[in-house]
Amino acid sequence: HHKLNYQVEQFDETHNQIILRQNEDESGYTQPLFDQSVTVREVMDTKSLSSNSEVKIGHAKMVYHEDLEGYLRFKYSGDQLQTNGLFITLPSSLEDRMRTMINSQEGVLAGIHAIEHAIRSMFPLSVLCSSNDITGLSAVNHETTIGPTIFILDNVPGGAGLTESGYAQIES
(Lines give C-alpha, C1' and ligand atoms only; values in the text may rest on other atoms or scores of the structure.)
Protein backbone atom coordinates (compact mmCIF):
# COMPACT_ATOMS: atom_id res chain seq x y z
CA HIS A 1 0.00 0.00 0.00
CA HIS A 2 3.06 2.29 -0.37
CA LYS A 3 2.79 3.79 3.14
CA LEU A 4 -0.70 5.09 2.54
CA ASN A 5 -3.07 4.99 5.48
CA TYR A 6 -6.23 2.90 5.05
CA GLN A 7 -9.15 2.35 7.37
CA VAL A 8 -11.35 -0.74 7.50
CA GLU A 9 -14.91 0.29 6.67
CA GLN A 10 -16.54 -3.13 6.81
CA PHE A 11 -15.90 -6.78 6.25
CA ASP A 12 -18.14 -9.13 4.34
CA GLU A 13 -17.76 -12.70 5.55
CA THR A 14 -20.16 -14.01 2.92
CA HIS A 15 -17.93 -12.89 0.05
CA ASN A 16 -14.63 -12.94 2.01
CA GLN A 17 -14.06 -9.25 1.35
CA ILE A 18 -12.73 -6.42 3.47
CA ILE A 19 -13.71 -2.93 2.34
CA LEU A 20 -11.01 -0.30 2.87
CA ARG A 21 -11.03 3.43 2.50
CA GLN A 22 -7.93 5.60 2.13
CA ASN A 23 -7.64 7.70 5.24
CA GLU A 24 -6.07 11.13 4.88
CA ASP A 25 -6.21 11.58 8.66
CA GLU A 26 -3.20 9.68 9.98
CA SER A 27 -4.24 9.98 13.63
CA GLY A 28 -5.67 6.49 13.97
CA TYR A 29 -5.48 2.87 12.96
CA THR A 30 -7.56 -0.30 12.98
CA GLN A 31 -6.65 -3.64 14.50
CA PRO A 32 -8.34 -6.95 13.70
CA LEU A 33 -10.30 -8.63 16.48
CA PHE A 34 -10.23 -12.44 16.39
CA ASP A 35 -12.18 -15.13 18.22
CA GLN A 36 -9.62 -17.85 18.90
CA SER A 37 -10.08 -21.43 20.07
CA VAL A 38 -8.10 -24.64 20.47
CA THR A 39 -9.55 -28.14 20.21
CA VAL A 40 -7.57 -30.97 21.78
CA ARG A 41 -7.90 -33.94 19.41
CA GLU A 42 -5.77 -36.50 21.23
CA VAL A 43 -3.82 -36.35 24.49
CA MET A 44 -0.55 -38.21 23.87
CA ASP A 45 1.07 -37.80 27.29
CA THR A 46 0.67 -35.93 30.59
CA LYS A 47 2.83 -35.28 33.62
CA SER A 48 2.90 -33.14 36.76
CA LEU A 49 5.38 -30.37 37.35
CA SER A 50 8.02 -31.70 39.76
CA SER A 51 8.00 -28.52 41.88
CA ASN A 52 4.19 -28.40 42.10
CA SER A 53 2.13 -31.53 41.50
CA GLU A 54 -1.04 -29.45 41.00
CA VAL A 55 0.38 -28.11 37.72
CA LYS A 56 -0.34 -30.53 34.89
CA ILE A 57 1.49 -30.48 31.58
CA GLY A 58 0.27 -32.35 28.55
CA HIS A 59 1.39 -33.09 25.01
CA ALA A 60 -1.46 -33.42 22.53
CA LYS A 61 -2.58 -33.18 18.94
CA MET A 62 -4.52 -29.92 18.62
CA VAL A 63 -6.41 -27.77 16.14
CA TYR A 64 -6.13 -23.99 16.39
CA HIS A 65 -8.96 -21.96 14.93
CA GLU A 66 -9.56 -18.24 14.61
CA ASP A 67 -12.45 -16.26 13.17
CA LEU A 68 -12.33 -12.59 12.32
CA GLU A 69 -14.98 -10.92 14.48
CA GLY A 70 -14.39 -7.31 13.57
CA TYR A 71 -12.02 -4.41 13.85
CA LEU A 72 -11.18 -2.07 16.70
CA ARG A 73 -10.56 1.56 15.83
CA PHE A 74 -7.80 3.35 17.70
CA LYS A 75 -6.81 6.99 17.73
CA TYR A 76 -3.35 8.22 18.62
CA SER A 77 -1.68 11.56 18.61
CA GLY A 78 1.94 11.43 17.63
CA ASP A 79 4.53 8.89 18.60
CA GLN A 80 4.38 9.29 22.38
CA LEU A 81 2.14 7.79 25.02
CA GLN A 82 2.37 9.49 28.41
CA THR A 83 1.35 6.72 30.80
CA ASN A 84 2.38 4.68 33.84
CA GLY A 85 4.10 1.35 33.91
CA LEU A 86 6.29 -1.07 35.74
CA PHE A 87 9.70 -2.41 34.89
CA ILE A 88 11.44 -5.68 35.65
CA THR A 89 15.21 -5.94 35.52
CA LEU A 90 16.54 -9.36 34.66
CA PRO A 91 19.61 -10.82 36.36
CA SER A 92 22.87 -10.65 34.43
CA SER A 93 23.18 -14.43 34.87
CA LEU A 94 20.08 -14.88 32.70
CA GLU A 95 21.49 -12.53 30.08
CA ASP A 96 24.80 -14.46 30.17
CA ARG A 97 22.97 -17.76 29.77
CA MET A 98 20.99 -16.43 26.78
CA ARG A 99 24.13 -14.98 25.21
CA THR A 100 25.88 -18.37 25.57
CA MET A 101 22.94 -20.16 23.96
CA ILE A 102 22.24 -17.65 21.20
CA ASN A 103 25.56 -15.79 20.74
CA SER A 104 24.10 -12.54 19.38
CA GLN A 105 22.67 -9.28 20.70
CA GLU A 106 19.55 -9.78 18.55
CA GLY A 107 19.08 -13.26 20.00
CA VAL A 108 19.32 -11.97 23.56
CA LEU A 109 16.74 -9.28 22.75
CA ALA A 110 14.49 -11.96 21.23
CA GLY A 111 14.76 -13.99 24.45
CA ILE A 112 13.93 -10.98 26.63
CA HIS A 113 11.07 -10.13 24.28
CA ALA A 114 9.69 -13.68 24.65
CA ILE A 115 9.70 -13.26 28.45
CA GLU A 116 7.91 -9.91 28.02
CA HIS A 117 5.18 -11.58 25.95
CA ALA A 118 4.78 -14.31 28.56
CA ILE A 119 4.35 -11.69 31.29
CA ARG A 120 1.91 -9.66 29.20
CA SER A 121 -0.16 -12.74 28.40
CA MET A 122 -0.40 -13.69 32.11
CA PHE A 123 -1.01 -10.13 33.35
CA PRO A 124 -4.83 -10.31 32.92
CA LEU A 125 -4.84 -13.34 35.26
CA SER A 126 -3.84 -11.04 38.14
CA VAL A 127 -5.26 -7.70 37.06
CA LEU A 128 -8.75 -7.46 35.60
CA CYS A 129 -8.03 -6.16 32.09
CA SER A 130 -7.71 -7.16 28.47
CA SER A 131 -4.28 -7.93 27.08
CA ASN A 132 -4.89 -4.96 24.75
CA ASP A 133 -5.09 -2.65 27.80
CA ILE A 134 -1.35 -3.02 28.37
CA THR A 135 1.68 -2.85 26.13
CA GLY A 136 5.33 -3.60 26.60
CA LEU A 137 8.89 -3.04 25.54
CA SER A 138 12.06 -5.07 25.97
CA ALA A 139 15.58 -3.69 26.20
CA VAL A 140 18.93 -5.47 26.43
CA ASN A 141 20.49 -2.46 28.13
CA HIS A 142 18.30 0.44 29.21
CA GLU A 143 19.72 3.80 30.31
CA THR A 144 17.68 3.90 33.53
CA THR A 145 18.21 0.34 34.73
CA ILE A 146 21.62 -0.42 33.17
CA GLY A 147 20.78 -3.94 32.13
CA PRO A 148 18.19 -6.19 30.52
CA THR A 149 14.76 -4.80 31.33
CA ILE A 150 11.13 -5.53 30.55
CA PHE A 151 8.66 -2.62 30.64
CA ILE A 152 4.92 -3.22 31.00
CA LEU A 153 2.81 -0.08 30.43
CA ASP A 154 -0.82 0.94 30.71
CA ASN A 155 -1.89 1.33 27.07
CA VAL A 156 -3.97 4.38 28.01
CA PRO A 157 -2.89 8.04 28.02
CA GLY A 158 -2.26 9.07 31.64
CA GLY A 159 -2.41 5.45 32.83
CA ALA A 160 -5.34 3.42 34.09
CA GLY A 161 -3.89 1.97 37.30
CA LEU A 162 -3.38 -1.47 35.75
CA THR A 163 0.39 -1.66 36.10
CA GLU A 164 0.19 -0.03 39.53
CA SER A 165 -2.10 -2.88 40.60
CA GLY A 166 0.25 -5.42 38.97
CA TYR A 167 3.23 -3.88 40.75
CA ALA A 168 1.43 -4.09 44.12
CA GLN A 169 0.69 -7.80 43.55
CA ILE A 170 4.27 -8.83 42.78
CA GLU A 171 5.58 -10.96 45.65
CA SER A 172 2.22 -10.89 47.40
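Okay, so let's go over this structure. Predicted model, so just to flag it, every value in this text is computed and none were measured.

**Concerning the overall build of the chain**
Tallying secondary structure elements over the chain gives three helices and seven strands in all. The secondary structure elements of the chain, listed N-terminal to C-terminal, are β-β-β-β-β-α-α-β-β-α. Each of the 172 residues in the chain was classed as buried or not, and the buried ones make up 21%. Pairs at least 24 apart in sequence give 56% of the contacts found in the chain among residues at least 6 apart. Within the structure as shown, the chain displays about 12,800 Å² of accessible surface, and the carbon and sulfur contribution to it stands at 51%.

**As for the pairing of strand β2 (residues 17-22)**
Pairing of strand β1 (residues 6-12) with β2 involves six bridges; the strand directions are antiparallel. When the bridges of β2 are listed, V8 appears paired with L20. Where β1 folds back on β2, the antiparallel hairpin that results is connected by four residues, among which N16 adopts a positive phi of roughly 50°.

**Section: the sheet that holds strand β5 (residues 85-89)**
Backbone hydrogen bonds hold the strands of a sheet together, and the pairing may be parallel or antiparallel. Here three strands make up an open sheet; going across it, the order is β5-β7-β6 and the pairing antiparallel. Of all the strands in the sheet, the pair left with one neighbour each is β5 and β6 (134-139). Going from strand to strand, the sheet's axes swing by 15° on average, the running direction of each strand aside. Across six bridges, β6 lies against strand β7 (residues 149-154) in antiparallel orientation. Each residue of the ladder has a partner; that of G136, found in β7, is I152. Each of β5, β6 and β7 is contacted by helix α2 (residues 105-126), which is oriented at about 160° to β6, the strand it contacts most.

**As for the nonpolar core**
Among the nonpolar cores identified, the biggest contains 13 residues, and I112, F123, I152 and L162 are the most heavily contacted of them. Broken down by secondary-structure element, the contributors of at least two residues to this core are α2 and β7. The dominant element in this core, judged by the number of residues it contributes, is α2, at three residues. Sequence-distant contacts of I152, that is, excluding residues within four places in its chain, are made with G85, L86, E116, I119, R120, F123, I134, T135, G136 and T163.

**Side note on the environment of F151**
Inspection of the secondary structure assignment puts F151 in strand β7. Residues F151 and F87, 64 residues apart in the sequence, show an inter-C-alpha distance of 4.4 Å. Once residues lying within four places of it in the same chain are set aside, the contact partners of F151 are L86, F87, T135, G136, L137 and H142.

**Some details on helix α3 (residues 162-169)**
For α3, the full list of buried residues reads L162, T163 and G166. Summarising the axial view, the buried residues of α3 lie within an arc of 90°, below the 170-degree limit, and thus occupy one face. Exposed side chains of α3 directed beyond 90 degrees from the buried face belong to E164, Y167 and A168. Lining the buried residues of α3 we find β5, α2, β6 and β7.

**Focus on a negative patch on the surface**
Together, E13, D35, E66, D67 and E69 make up a region of like negative charge exposed at the surface. It is strand β4 (residues 52-75) that contributes the most residues to the negative patch, three residues altogether. Secondary-structure assignment places E66 in strand β4.

**Quick look at unusual backbone geometry**
Keep in mind that most residues, glycine aside, have a negative phi and that most peptide bonds are trans. A positive phi angle, close to 50°, is found at N16, a residue other than glycine. Assignment of secondary structure puts N16 in the loop between β1 and β2. Residues other than glycine seldom take positive phi values, yet I146 does so here, at roughly 50°.

Calculation criteria
Residues numbered from 1 in each chain as written. Predicted model: local features only at pLDDT ≥ 70, side-chain atom pairs only at ≥ 80, totals over all residues. Heavy atoms only, no water. Helix = DSSP H or I, 4+ residues; strand = E, 2+ residues; numbered from the N terminus. Buried < 20%, exposed > 50% of the residue type's maximum accessible area, 1.4 Å probe, protein only. Contact = heavy atoms within 4.5 Å. Areas by Shrake-Rupley, 256 points an atom, 1.4 Å probe, with all protein chains shown as cover. Pairing = 2+ DSSP bridges. Axes fitted to C-alpha atoms, helices over the stretch in contact; angles between N-to-C directions. Core = buried A, V, L, I, M, F, W, Y, C linked by side-chain atoms within 4.5 Å. Arc of directions from axis to C-beta. Patch = residues over 30% accessible without salt bridge, like charges linked within 9 Å, V, L, I, M, F, W, Y side chains within 5 Å. Salt bridge = Lys/Arg side-chain N within 4 Å of Asp/Glu carboxyl O. Lys, Arg positive; Asp, Glu negative; His and termini not counted. Charge placed at Lys NZ, Arg CZ, Asp CG, Glu CD.

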